[in-house]
Amino acid sequence: MTKTYLMNSLIEKMQSPDQDFRFMGLNDLMNEIKQDPGCYTGDEASETKVLNQVLSLVEDKISEVKNQAVKCLGQLIKIIREPLMESVVDKLIEFSGGKDDELRDISALALKTITAELPSDGTGRIAQSACYKLTPKLLGQIQNILQTSTPPEALVETLSILSILIVRFPTHLATATTDSQPLKILAPLLSHPRPVVRKRAIVTISQFIPISQSQLFTELLQTSVYPNLAAGANLDKQRTTVQLIAAVARHSPSQIAPVLGDVVSGILKAVQRDDDDLREGCLQALEAIVLRCPGEAAPYLSSCIQVGTQYIKYDPNYAVDDDEDEEMADAEEEEEDGDAEDEYSDDEDMSYKTRRSATKLLSALITTRPELLNAIYKDVSPVLISRFGDREVTVKLEIWATYGLLLNQTSVYGGMALSKDDVTRGKRKRDAEAMDSGEGPYALLKAQVPSLSKALLNQIKSPKAPAATLQAGFGLLHSLLDVLPGCLSSQATVIISTSKSVLSHSLSTSTATLHLTCLSFLTAFFGTHTPTAYSSSLPTITPILLKLVVDKHPRVAAESFRVFSALLSALKPVKGENWPEPLYYAAVERLSNHDTDADVRSCAEECIANLWICATDVVQAKDKREWEAICRATGKTEGAVRVIMKVAAEVSVGDTWVNGCLEYLIGLLRKSGRAGKPEIFNAIDVLLKSYTEGIPPAVAPTLIDQIKVYISTTDISLLSQALNVLAILLQVTPSTSFPEIEKTLLGNIYTISHSVLVSGAALDSLLNFYASLVQADNQIATHVVPSLVLNVEKAPKAEASPANVARCVAQVVKSQNGIAAGVIAEYAKSTWVHSSYSYCDTGYFQDDAFGRCRVPSSSVPAICCILESIPSVEGLGESAAICVGWRVALRGAGVCHVFFECF
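So, how was this worked out
Residues numbered from 1 in each chain as written. Predicted model: local features only at pLDDT ≥ 70, side-chain atom pairs only at ≥ 80, totals over all residues. Heavy atoms only, no water. Helix = DSSP H or I, 4+ residues; strand = E, 2+ residues; numbered from the N terminus. Buried < 20%, exposed > 50% of the residue type's maximum accessible area, 1.4 Å probe, protein only. Polar contact = N/O pair within 3.5 Å; in protein donor to acceptor, adjacent residues only side chain to side chain. Core = buried A, V, L, I, M, F, W, Y, C linked by side-chain atoms within 4.5 Å. Salt bridge = Lys/Arg side-chain N within 4 Å of Asp/Glu carboxyl O. Patch = residues over 30% accessible without salt bridge, like charges linked within 9 Å, V, L, I, M, F, W, Y side chains within 5 Å. Areas by Shrake-Rupley, 256 points an atom, 1.4 Å probe, with all protein chains shown as cover. Lys, Arg positive; Asp, Glu negative; His and termini not counted. Charge placed at Lys NZ, Arg CZ, Asp CG, Glu CD. Axes fitted to C-alpha atoms, helices over the stretch in contact; angles between N-to-C directions. Parallel < 35°, antiparallel > 145°, perpendicular 65-115°, else oblique. Left-handed = near helix turned anticlockwise from the far one by under 90°. Contact = heavy atoms within 4.5 Å. Nonpolar A, V, L, I, M, F, W, Y, C, P; charged D, E, K, R; others polar. Phe/Tyr/Trp six-rings, centres within 6.5 Å; stacked < 30°, edge-to-face > 60°. Lys NZ or Arg CZ within 6 Å of the ring centre and 35° of its normal.

Chemist: So what about the environment of Glu-371? Which residues, and what values?
Modeler: Assignment of secondary structure puts Glu-371 in the loop between α20 (351–368) and α21 (373–379). Overall, the relative accessible area of 51% leaves Glu-371 in the exposed class. At 2.9 Å, the side chain of Glu-371 forms a polar contact with the side chain of Arg-369.

Chemist: Give me the lowdown on the nonpolar core, citing residues and values where you can.
Modeler: Formed by 278 residues in total, the largest nonpolar core has its most connected members in Tyr-403, Leu-726 and Tyr-770. When residues in this core are grouped by element, the largest group, 11 residues, is from helix α31 (residues 554–571).

Chemist: Account for the pattern of salt bridges, naming residues and giving values.
Modeler: Enumeration according to the criterion identifies 20 salt bridges in this entry. A salt bridge links Arg-239 to Asp-275; the shortest N-O distance between them is 2.9 Å. Of this pair, Arg-239 sits in helix α13 (residues 235–251) while Asp-275 is found in the loop between α15 (260–270) and α16 (276–292), placing the two residues 36 residues apart along the sequence. Of the charged contacts in the structure, one is a salt bridge between Arg-355 and Asp-390, with a shortest N-O distance of 2.8 Å. Of the two residues, Arg-355 sits in helix α20 while Asp-390 sits in the loop between α22 (381–386) and α23 (393–413), which places them 35 residues apart along the sequence. The residues Arg-355 and Asp-390 share a single accessibility class, namely buried.

Chemist: Explain unusual backbone geometry to me, using residue names and the numbers behind them.
Modeler: Residue Pro-573 follows Lys-572 across a cis peptide bond; omega there is -5°. Checked against the element boundaries, Pro-573 lands in the loop between α31 and α32 (580–592).

Chemist: Hey, could you go over a negative patch on the surface for me, with residue numbers and the actual values?
Modeler: On the surface, a cluster of negative charge is contributed by Glu-59, Glu-94, Asp-100, Asp-105 and Glu-153. With respect to the helices, strands and loops of the structure, Glu-94 is situated in helix α5 (residues 82–96).

Chemist: Residue-level account of the packing of helix α39 (residues 699–707) against helix α40 (residues 716–732), with values.
Modeler: Two quantities define a packed helix pair, namely the angle between the helix axes and the distance between the axes. Put simply, α39 and α40 touch, their axes get as near as 11 Å, and they point 165° apart. Classed by the angle they form, the pair α39 and α40 counts as roughly antiparallel. Crossing hand, α39 versus α40: left-handed. Two secondary-structure elements touch here, α39 through Ala-700, Leu-703, Ile-704 and Ile-707 and α40 through Ala-722, Val-725, Leu-726 and Leu-729. Among the residues making up the contact of α39 with α40, the classes are represented as 8 nonpolar, no polar and no charged.

Chemist: Help me get a handle on the packing of helix α2 (residues 19–35) against helix α3 (residues 44–57), residues and values and all.
Modeler: Two elements in contact, α2 and α3, have axes whose closest approach is 12 Å; the angle formed by their N-to-C orientations is 130°. Considered as vectors, α2 and α3 are oriented oblique to each other. In this structure, α2 meets α3 at a crossing whose hand is left-handed. Taking contact as the criterion, the partners of Arg-22, Leu-26 and Leu-29 in α2 are, on α3, Val-50, Val-54 and Leu-57. For the contact of α2 with α3, the per-class residue count stands at 5 nonpolar, no polar and 1 charged.

Chemist: For the packing of aromatic side chains, give the residues involved together with the corresponding values.
Modeler: Considering all chains together, one arrives at 14 aromatic pairs under this definition. Measuring from centroid to centroid gives 5.5 Å for Phe-564 and Trp-579, while their planes differ by 35°, and the two rings are tilted. Note that Phe-564 is positioned in helix α31 and Trp-579 in the loop between α31 and α32, a separation of 15 residues in sequence. The class for Phe-564 is buried, based on a relative accessible area of 0%. The positively charged end of Arg-279 is found above the aromatic ring belonging to Tyr-314, 4.6 Å away from the centroid.

Fair warning: the whole summary comes from geometry, so function is off the table for now.
Next up, the structure:
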């Protein structure tokens, strides 16, 4: 099908008298363009014909057809020729300025669609061309509308389109508006009688300021800002002005920063006028200035704090004195507060907006000024706490969120975190002194915790508290524990009863998040408080927690297991409690089901580990079937390895259990891939040390057979861990492990010893292996040293590290002092007989280590020869000097004169 035929058939559909055909014609055109944009381009006459038909359908009587035509224009604007683009823009602007309301709305929608669909990638030619064509026409339309009686809706739509363009293509508009000077055109809209037009104009003007000339912004300040900040200015104009300042601060802080001295003083005066909308706008302007101009706003911070703390308490319809304000959240007054809320309920009361804006101003101060934490805790924190019970829920949640920010800032910038027991060991002296004097943020916060916790708990313990309030309250308590662990001991009873009330509610999709937040808080609470604080209240909440661990909601069940894990760790050892046994059965049931959620399974495994460690008497009496469910061969095995290692390190379960776990881990080692292997080696290390009656003879050969594949430099990390396992085997069962290692692995380990790749932890493991090897068999030491030296001599120089070999030899000598004299006598000759640098290097490093061994004085001549050869071998003086130092320290001053003669 040719392009012309395709386009003609689509035009025929779009011209049909049937509205469904017209709609489908537009839809088919869109689909064809999306699949192949080239199907439209090529024949200019055909393009023009199709475009005109689509434009005509913008005026269609059927709404669905018009909307589809608008969508189609959004696709066409990406591919049409530049002259056609200009005609589309002209036509739509003509429609948008007309008298027909419906046509005006649909054309405005079409212009928005076009500007939103313009491609911003690639060379940007289409977008650049569209901006050059569209922006001057839109600005011209605004001038025309101001001179006619066109409805304000047209202005709002035009401003919205300009905003889309400036946000998406600021660079193109900076060039396109060089001559038109949009600030001069848009500034008169600030005096428009309709508030909706003024608000839209404020946003658009603030977006154009960054690309406008500085003198135009100065003119705007002189004509529209400074005069309207005067004390007796018109209220409407002053509201518009402070909103403009806030918008400019958000979009162009660098422009307004130099004039903050004139602007802020006017705002601070205007905020005291008796007008709720003006107060809200002033507070929002101050917030934007504090956030976007933090350096320039520094001189006005004290005034901002004063204004914020003043108007966060602004509630003219709820008159109370200061004492009542501080106790507005008290439990005894809760019912009275509820009655007062009913009494003062007023749908027209907008004072809450002032309080909310004041709260956001304080939040901006807290976020941007961590150096003022002390002042904020002294001046702002008490006011925030006093307003925890604000009667407007949105304001209340905003205040809690602000205090949460203060806690986060304290944890980051407070300088010192308090431990669970509030001890001072390990602190810097300066921090400890600040703590003692009560000057630090942590000390100030700690002093306010009683009033804070009381006010907050009074809000969330009410049975009528909405879910959003409860969730925010528990979240804030959790944040408090993150900063001050163990600080809620005095409120433990109220916390447990409130948590019980929340968790007792039936679990649904809407309440699951609240349950999770509450459970997460309980995990932190149990983990940071001493059991004496809450032990008396545990019997009331553990039955509910046991119900939740078997709940169908996976995240709730997982979090419930975490709560019990924290509780077990805190109560260790757990005795005389009735909940560990049902918890054990619930965890085993979860682990036995193959369809258990991965997170739930992980938490259940962790809970089993904590039961074994903290409630050993309870689980030891069981049949250990939990291990059958944990040690599975398929699926994720990381949790099983972690649990085995944790339990083996803490509890003596029995050699039979250790054998079974070791067999399971050896089976995991046989699997291909590296994932989880480091953890498996760590677990094997722990298990090998857990035997109480000795390792069975068959274990060492089996384990060595699986480990030998890792004795290579392919993976240095696994090599290090494999050597550690071999060292442990040599220590705990030398009779069965030594022959196998000597027969199958030792030759390979000699080669690895001189590898340049072995360093750090791997080298330490290698030295540990040699120490264990020579201690396992006293005769092997005399064979290890020559074998090491022979291997490094045969190796290519670029691939050998004599230093590593020297350290290995030194470790052998250190572990078997009886061979030290012979080794020094043999290899001291090498240091002056051989001229090879690598061999001398090896000799010197050996003597460096040998200097620490107590050997006969016959080794002194060897060291003297080393000292004499230093000038001929660069870089070896340090090793020789260390060797001499150790020799003098161990042999006494009697040999000093010999060394001094050499020097």
